[in-house]
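Breakdown of the fold
Now for the letters of each chain:
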Amino acid sequence: MKTAQHTSAPPSRGREVADGAEPGVSLGLAAAVYFGLALLYFLPALLPGRHIYGTDYLVGSYFVHEFFSERFAAGELPKWLPYIYGGGPMFANPGSAFYPVRILADLFLPTSKLFPAMYVVQFGLAGLGMYLLALELGTRRWVAFIGGLAFQFTGITMSWVLAGHEGRIIVATFAPITFFFFHRGIRTGRVAPFVGAAAAIAFSLLTFQIQNSYYLLVGALIWSVFCLWHFGLFRRPAALGRTLALGLGAVAVAFLLASVNFLPFLDYVEQSPRGGEGGRGYDYSVSWSMPTAEVLAVAVPEQAGHLETYRGSNPMKLHTEYVGATVIALFALGFAFSRRNRYWWFFLGLGVFFLTVALGGNTPLYRLYYELLPGTKRFRAPSISFFMVSLSLVAMATLALESLAARWAEARAARPALRRDEPGEVPDAAKWILAGTVAAAFLLGAAAASAPGVNGAPGPGPVAFRFAVFMAATAAILWFWLRGSLGARAFVALLAGVTVLDLWIVDRKFFETVPPPDETFAADDVANFLRSQPGRDRVWVLPFPPGATYRGQAGLGNYLMRFDVDLAGGEHGNQLQRYNEFVGTSGETYVDWRNFLENPVFMDAANVRYLVAGAEFQDPRLREVHRGSALVYENLGALPRAYLVPQVVHTEREDGALELMKQPGFDPRSTAVVNADAPPQLSAGPLQGDARVVSYEPDRVVVRTRQDRDALLVLADNYYADWKARVDGREVPILRTNHTFRGVVLGPGEHDVVFTFEPADLRTGAIVYFVGMALLALYALFLLARWLRTRKGEPSHA
């Protein structure tokens, strides 16, 4: 039975000219170019002996990905990450660990090649998605091809490579294909496009880039409402109801496919630093807003600068919003030639809306978004929504180019006597707009060239005219094409080349490689010392002064976890809020370490035995034990990872343990504070005994104890409800101890205490995820087989 269709063809007059006057760019050719260019761009990072550079990536996420890959290769579903911030569930911040492209690449590539491999796929999909969206909106194939190139290399997504923000990149590169699927589904009423939309959204959600995915969903919602109106479905209740059911079903299926991340995360939200009902306040929410003056960066990124030349109001800038001369020129032409195109006006409105979101606190409108848009209070850095502005600008530029192509084709058809090599006339509006954009480009270049440098460094100087040069080249190509002085194929080749070269030059500033991990993260003297020490003790790496020789970013990141060293801090971003409160936190920062700095009780109870520092300390509690690229001090009062205490104090207040531990005379060796409905009763008197960790794995810890009376075993690892404890094979409750750690009541004698992490929601989510992905793959194969039958002329009964 055939599915109901609303309309069977894209709403456009655009077509390839039969006599070959306009070049056709097939889907296969376009895909080959997009993925080929992406491979060429990222090839240096894929070559042997090189590793892609990323600020956040090399500081933190690389080591987590390496941990995930090792656990997955061992046949284990990674559940608990023990190395940073006292340990935490992987689903607190899984990143792109379960992203299908990453999972597949992990089967064939080392961890160091996963990111560049994913980037090749994603930026190829970015171009292909924009190509398909443009075709769906009715453009010619060669017009769609140019639009795909412009979006593939647009600055905001390409520049996120420098920080290693793969989640942001994946979501942004899925944006055009998500719009494509929703448009086609609403236009045709068929099921397959909504399945495609579900897959695109699910893949975006599986990056766990919640904020970018939120912006994508908001944009897709606005787009879908527009499409429902555009195709008149609001006047057709039956078709409207069916389409709404398919669209909402697609979103529901997407979240279902992403359940491996979100199902266990639902319980975690309120325990994370971002989980408070009111967020962390408006000032936090608008931090890292896009400064208003930097809107000019879409044309002249040198105006405010970036990286070491940044002159804006944010603390730093590791990205660019540059969209390229081709997009700017065609966007300007759109005001004259696309005024009757509903899609063009839609994307103008969408771009303006998301620009106000990106500007954040620099526009009063954001206060309205903050109060009315669900979830916004838990976000910061609204500037990352700019990828939706880039999508809108590229879409408008593509539609404007289609309008020019239609005008050009109509003019040639109206004058059949005009030879192909005989010049025609350029529309007056195009003359003035092209001349104006070139003049504006040179004026902006002059303003940027005169801007002062940073900290005595020279300003951008002549390089600021780069945009003006490319704008002039783009205008000249368009001019000669409209005059008929440039053949269609030459025009497409030149415009494509200028578009890519212009963006490539700017993007390349945000792409670097470094030596492979075994060299970049080779064990230094500090790592060798720490991993040679007996037992399993926690290490606190303090901030280093400028110019320190310790291993760069590894000092403040997750470098030491590569050597099976547990860190008191690290690089995470969504660690357990209770642990933050234990070490010391404030409203402005997740962690300020005030408790560690002000009261030795907290360091002792947290098993912080070693401090790595770049400056000398004179403290009787600390003993220097290593001097090299950094200083290592031993905290003489540190308790072991597992220890017994004879006395328990009960508190019902959420922060009661912290207050009691701050009291003068509190000694964690003799007393532990537990949060429990029914306080445990321990016999009085001195305690003789000991506790020893005999096995320590990420999801399983075995402690052997011996004591002569009732006692509380304290394991100085973070408490979470999904941890289970069994004493000599019998399950017993785990008490939240000293605000954030684990405690188990033991009777006299010898005991084996086994802690295992058993998150049922993660297991359920993983089953749903793998089954769902298998069904999605089978459906894709079914569609492919049906398409092949159609190509061969066989009837399709789907």
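It should be emphasised that the depicted structure is a prediction, and the values quoted were computed from it without experimental measurement. (Residues numbered from 1 in each chain as written. Predicted model: local features only at pLDDT ≥ 70, side-chain atom pairs only at ≥ 80, totals over all residues. Heavy atoms only, no water.)

Thoughts on the overall build of the protein chain
When helices and strands are tallied, the protein chain shows 26 helices and 20 strands. Taking 28 Å as the expected radius of gyration for a compact globule of 798 residues, we find that the protein chain reaches 30 Å, a close match to that expectation. In the protein chain, buried positions account for 57% of the 798 residues. Looking at the protein chain as shown, the accessible area adds up to about 32,200 Å², and 60% of this sits on carbon and sulfur atoms. For the protein chain, the centre of its 69 positive side-chain charges and the centre of its 65 negative side-chain charges are spaced 11 Å apart. (Helix = DSSP H or I, 4+ residues; strand = E, 2+ residues; numbered from the N terminus. Rg over C-alpha atoms; globule rule 2.2 N^0.38 Å. Buried < 20%, exposed > 50% of the residue type's maximum accessible area, 1.4 Å probe, protein only. Areas by Shrake-Rupley, 256 points an atom, 1.4 Å probe, with all protein chains shown as cover. Lys, Arg positive; Asp, Glu negative; His and termini not counted. Charge placed at Lys NZ, Arg CZ, Asp CG, Glu CD.)

Remarks on the packing of helix α8 (residues 191–205) against helix α26 (residues 760–791)
Close contact between α8 and α26 brings their axes to 12 Å; oriented N to C, the two are set at 140°. Relative to α26, the element α8 lies oblique. The hand of the α8/α26 crossing is left-handed. Side by side, α8 and α26 meet where V191, A192, V195, A199 and F203 of the first sit next to M773, L776, Y779 and L783 of the second. Taken together, the residues of the contact of α8 with α26 break down into nine nonpolar, no polar and no charged. (Axes fitted to C-alpha atoms, helices over the stretch in contact; angles between N-to-C directions. Parallel < 35°, antiparallel > 145°, perpendicular 65-115°, else oblique. Left-handed = near helix turned anticlockwise from the far one by under 90°. Contact = heavy atoms within 4.5 Å. Nonpolar A, V, L, I, M, F, W, Y, C, P; charged D, E, K, R; others polar.)

Considerations on unusual backbone geometry
One non-glycine residue, Y85, lies in positive phi territory at about 50°. Along the polypeptide, Y85 turns up in the loop between β2 (80–81) and β3 (88–89). Judged by relative accessible area, Y85 falls into the buried class, the value being 10%. Unusually for a residue other than glycine, W288 sits at a positive phi of about 65°. Assignment of secondary structure puts W288 in the loop between α12 (282–285) and α13 (325–337).

So, the sheet that holds strand β18 (residues 735–737)
Pairing within the open sheet is mixed, and its six strands lie in the order β10-β15-β19-β18-β12-β11. In this open sheet, the two edge strands, each paired with only one partner strand, are β10 (642–645) and β11 (647–651). Within the sheet, the average angular offset between the axes of one strand and its neighbour, ignoring direction, is 40°. Two strands pair when backbone bridges link them, and β18 and strand β19 (residues 741–746) are joined in this way by three bridges, in the antiparallel orientation. For R736, the partnering residue across the bridge sits in β19 and is R742. (Pairing = 2+ DSSP bridges.)

Some words on the side chain of R736
As for its placement among the helices and strands, R736 is situated in strand β18. The buried category is assigned to R736, whose relative accessible area is 10%. A distance of 3.2 Å separates the side chain of R736 from the side chain of E654, its partner in a polar contact. With sequence-adjacent residues up to four places away left out, R736 is seen in contact with R578, E654, V673, V674, N675, Y719 and F741. (Polar contact = N/O pair within 3.5 Å; in protein donor to acceptor, adjacent residues only side chain to side chain.)

So, the pattern of salt bridges
Once their charged atoms are close, side chains differing in charge can pair, the charge on each being opposite to the other. Scanning the entire structure with this criterion turns up 35 salt bridges. Residue D564 is joined to R536 by a salt bridge in which the shortest nitrogen-to-oxygen separation is 3.1 Å. Remark: R536 occurs in the loop between α21 (525–531) and β5 (538–541) and D564 occurs in the loop between β5 and β6 (566–567); sequence separation between them is 28 residues. A relative accessible area of 42% places D564 in the partly exposed class. (Salt bridge = Lys/Arg side-chain N within 4 Å of Asp/Glu carboxyl O.)

Structural notes on the sheet that holds strand β17 (residues 730–732)
Sheet architecture is open: five strands sit in the order β13-β14-β20-β16-β17, paired in antiparallel fashion. The sheet is open, and its two borders are formed by β13 (689–697) and β17, each paired with just one other strand. Shown here is a sheet whose adjacent strand axes are inclined to one another by a mean of 25°, direction ignored. The sheet contact formed by β13 and strand β14 (residues 700–707) spans eight bridges and is antiparallel. Residue D690 lies in a different strand from β14, and its bridge partner there is R706.

Some points on the pairing of β14
Linkage of β13 to β14, two consecutive antiparallel strands, is achieved through a turn of two residues. Looking at chain direction, β14 and strand β20 (residues 749–757) are connected through eight bridges and run antiparallel. Following the sheet pairing, Q707 is matched in β20 by G749.

A few points about the packing of aromatic side chains
For the structure shown, the criterion picks out 80 aromatic pairs. Look at W593 and F596: their rings are 5.6 Å apart centre to centre, the planes differ by 40°, and that puts the pair in the tilted class. Taking relative accessible area as the criterion, W593 reaches 16% and is therefore assigned buried. Judged by its relative accessible area of 3%, F596 is buried. Plain terms: the ring middles of F617 and Y633 are 5.6 Å apart, the flat faces sit at 90° to each other, and that makes the pair edge-to-face. In this pair, F617 is assigned in the loop between β7 (608–613) and β8 (622–627) and Y633 in strand β9 (residues 631–635), connecting sequence segments 16 residues apart. On the accessibility criterion, Y633 (3% relative accessible area) is buried. Among the aromatic residues, those joined into a cluster by ring pairs are Y41, F42, Y57, Y62, F63, F115, Y119, F123, F153, W504, F511 and F521. Over the ring of W80 we find R742; its NZ or CZ atom is 5.5 Å from the centre of that ring. (Phe/Tyr/Trp six-rings, centres within 6.5 Å; stacked < 30°, edge-to-face > 60°. Lys NZ or Arg CZ within 6 Å of the ring centre and 35° of its normal.)

What to know about the nonpolar core
Membership of the largest hydrophobic core comes to 264 residues, with the highest contact counts inside it found for F179, W223, F596 and F755. Considering every element that reaches this core, the biggest residue donor is helix α16 (residues 386–414), with 17 residues. The residues contacting F755, other than those within four sequence positions of it, are D699, R700, V701, V703, L713, L715, W723, K724, A725, I734, R742 and V744. (Core = buried A, V, L, I, M, F, W, Y, C linked by side-chain atoms within 4.5 Å.)

Topic: the packing of helix α4 (residues 114–136) against helix α5 (residues 141–152)
Relative orientation of the contacting elements α4 and α5 amounts to 145°, with a least axis distance of 7 Å. By crossing handedness, the relation of α4 to α5 is classed as right-handed. Packed against α4, whose contacting residues are F123, G124, A126, G127, M130, Y131, A134 and L135, the element α5 presents R141, A144, F145, G147, G148, F151 and Q152 at the interface. For the contact of α4 with α5, the per-class residue count stands at nine nonpolar, five polar and one charged.

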